There are 2 protein chains.
Amino acid sequence: MSSSTDRTAAATRRAGSTKERILVISRDLFARQGFTGTTIADIARELGTTTAALYYHFPSKADILRGLLDGPMADYQRILDSLGVREPPAAELLGVFIDLAVNSRELAAVIDRDPAVLAIIDEVLPMSSQQLTERVIAALAGPGADRAATIRAHAAFAVIKGASMAAMSLGGLDADGNLDPADRAEVLDAALRALYRRG
Amino acid sequence: MSSSTDRTAAATRRAGSTKERILVISRDLFARQGFTGTTIADIARELGTTTAALYYHFPSKADILRGLLDGPMADYQRILDSLGVREPPAAELLGVFIDLAVNSRELAAVIDRDPAVLAIIDEVLPMSSQQLTERVIAALAGPGADRAATIRAHAAFAVIKGASMAAMSLGGLDADGNLDPADRAEVLDAALRALYRRG
DNA sequence: GTCTATACCCGGATAGAC
DNA sequence: GTCTATCCGGGTATAGAC
């Protein structure tokens, strides 16, 4: 939520610049119909212009997606980098990922739903998105994790994604777009229980 | 399976009928590239024929998908129906879903990844696929479940899908395509811990 | 910055011969 | 059952006027 807010005052008119409006509209449509399932005609219609006008602001459909992704991607990258410096406790790391999932909720669904999106991401990323996930799993599973611990790490990660999405669609967001603290705690606890065996 | 199977041993070569080969090839390609990301030409190439030949066996691309889905769909439906008769303990229900996830592993990814697939499914189904999921969540959460219990049910369901996929990609399948019993137990335990609060 | 018009391609599907 | 040839629609993108 830090990187995505550094807009210049000039670029921020009352309703936002056209470029920003396009991003907002696209984010919404991508979330509902997927990236491939959304046409630039859809976006243009919502924007109230023609498709040609869109291309004045963005050189391609893929660039619109990139514009949407680079905020969350930077956040993700920052988390990954911090893992190299110190190993945070699992509870903290899981909490960070809940917040990331909530902040990029419209994109979260799109990302691991559309193979075309994965291709675009991998095009930009230093490492493949699969490697990215593996890095997180490794951090959750801890050093020298055996097969069972790795599976549990995947389980915990799945809880983060699945249960926070569920909480949000159950109406767990306040006016500012933050997850209800009780819901957040519930998700976090479930993830931690999945991660650690009893006893 | 009486009259249709004794039809000319010639039609049933060692590798199976052309129709079956198309299904196998398609399942594979859909899993790797997604449904929308796979073209009829892709399938035809793999099959060693032209696209026109494909249309002798299937009237449309969507029908190929339907051919792949109706097996797992029937399984799913059977589970749903059994819920009406008796409420199985959560551990049993979760176990059933692990096996379903494993048996339809190539399709599992396709199903909740491609919006186009959801549309095709909803076209055939008596209830929407969203309602289907809700039905399972309700069964897992138990009668009179509050908000927190519902979130935990989603968490457990997410573990089933995420962790069994992970176990499989870690090489947890034997020659017969069954999940390693130890892995299965690990996934099931994690799901149960996610579902039930400690104490 | 936005328009009209259109090029261009690709994917699904069909016609009809063999 | 499979082929060649082709249609058709829709989707991205561009040209050029205003």
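Calculation rules
Residues numbered from 1 in each chain as written. Chains lettered and ligands numbered in written order. Predicted model: local features only at pLDDT ≥ 70, side-chain atom pairs only at ≥ 80, totals over all residues. Heavy atoms only, no water. Salt bridge = Lys/Arg side-chain N within 4 Å of Asp/Glu carboxyl O. Helix = DSSP H or I, 4+ residues; strand = E, 2+ residues; numbered from the N terminus. Near = heavy atom within 4 Å. Polar contact = N/O pair within 3.5 Å; in protein donor to acceptor, adjacent residues only side chain to side chain. Nonpolar A, V, L, I, M, F, W, Y, C, P; charged D, E, K, R; others polar. Least-squares fit on C-alpha atoms with pLDDT ≥ 70 in both. Phe/Tyr/Trp six-rings, centres within 6.5 Å; stacked < 30°, edge-to-face > 60°. Lys NZ or Arg CZ within 6 Å of the ring centre and 35° of its normal.

Q: I tried to follow the pattern of salt bridges on my own but got confused; where do I start?
A: When the charged atoms of two side chains lie near each other, side chains of opposite charge can form a pair. According to the stated counting rule, one finds 24 salt bridges over all chains in the structure shown. The closest approach of N and O atoms between A:Asp28 and A:Arg32, which form a salt bridge, is 3.1 Å. Of the two residues, A:Asp28 and A:Arg32 both sit in helix H1 (residues 18-33), four residues apart, roughly one turn of that helix. Here B:Lys161 and B:Asp112 are joined by a salt bridge, their closest N and O atoms 3.2 Å apart. Taken together, the residues span a long stretch of sequence, with B:Lys161 in helix H9 (residues 147-169) and B:Asp112 in the loop between helix H6 (105-111) and helix H7 (115-124) at a distance of 49 residues.

Q: Help me understand the protein's contact with DNA strand D, please; the structure alone is not making it clear to me.
A: In the region of DNA strand D, 14 residues are neighbours, and A:Ile40, A:Tyr55, A:Lys61, B:Thr50 and B:His57 sit closest. In the model, a phosphate oxygen of DNA strand D is placed 2.8 Å from a nitrogen or oxygen of the A:Tyr55 side chain. Within the residue set of the surface near DNA strand D, elements represented by two or more residues are helix H3 (51-57) of chain A together with helix H3 (51-57) of chain B. Sorting elements by how many residues they give to the surface near DNA strand D places H3(B) first, with four residues. By residue class, the composition of the surface near DNA strand D is six nonpolar, seven polar and one charged.

Q: Any chance you could explain the protein's contact with DNA strand C here in plain terms?
A: Not every one of the 14 residues close to DNA strand C is listed here, only the nearest: A:Thr50, A:His57, B:Ile40, B:Tyr55 and B:Lys61. The protein-proximal atoms of DNA strand C, defined as those within 4 Å of the protein, are 60% sugar or phosphate. One nitrogen or oxygen atom from the main chain of A:Thr50 is found 2.8 Å from a phosphate oxygen belonging to DNA strand C. Here a phosphate oxygen of DNA strand C sits 2.8 Å away from a polar atom, N or O, in the side chain of B:Tyr55. When residues of the surface near DNA strand C are traced back to their parent elements, those giving at least two are H3 of chain A together with H3 of chain B.

Q: How should I be thinking about the relation of the copies chain A and chain B in this particular structure?
A: Two copies of a chain can be linked by a rotation about an axis combined with a shift along that same axis. Taken as rigid bodies, chain A and chain B are interconverted by a rotation of 180° and an axial shift of 0.0 Å, the fit giving an RMSD of 0.1 Å. What we have between these two chains is a two-fold relation. Taking the C-alpha atom as reference, chain A places A:Arg113 closest to the rotation axis, 1.9 Å from it.

Q: Is there a simple way to think about the packing of aromatic side chains in this case?
A: Residues and elements named next belong to chain A. Counted according to the given criterion, the structure contains six aromatic pairs over all chains. Centroid distance phenylalanine 30 to phenylalanine 35: 5.1 Å. Interplanar angle 70°. Geometry classified as edge-to-face. Ring pairs connect the aromatic residues Tyr76, Phe97 and Phe157, which therefore count as one cluster. Here the guanidinium or amino end of lysine 61 rests over the ring plane of phenylalanine 35, the centre of that ring lying 4.5 Å away.

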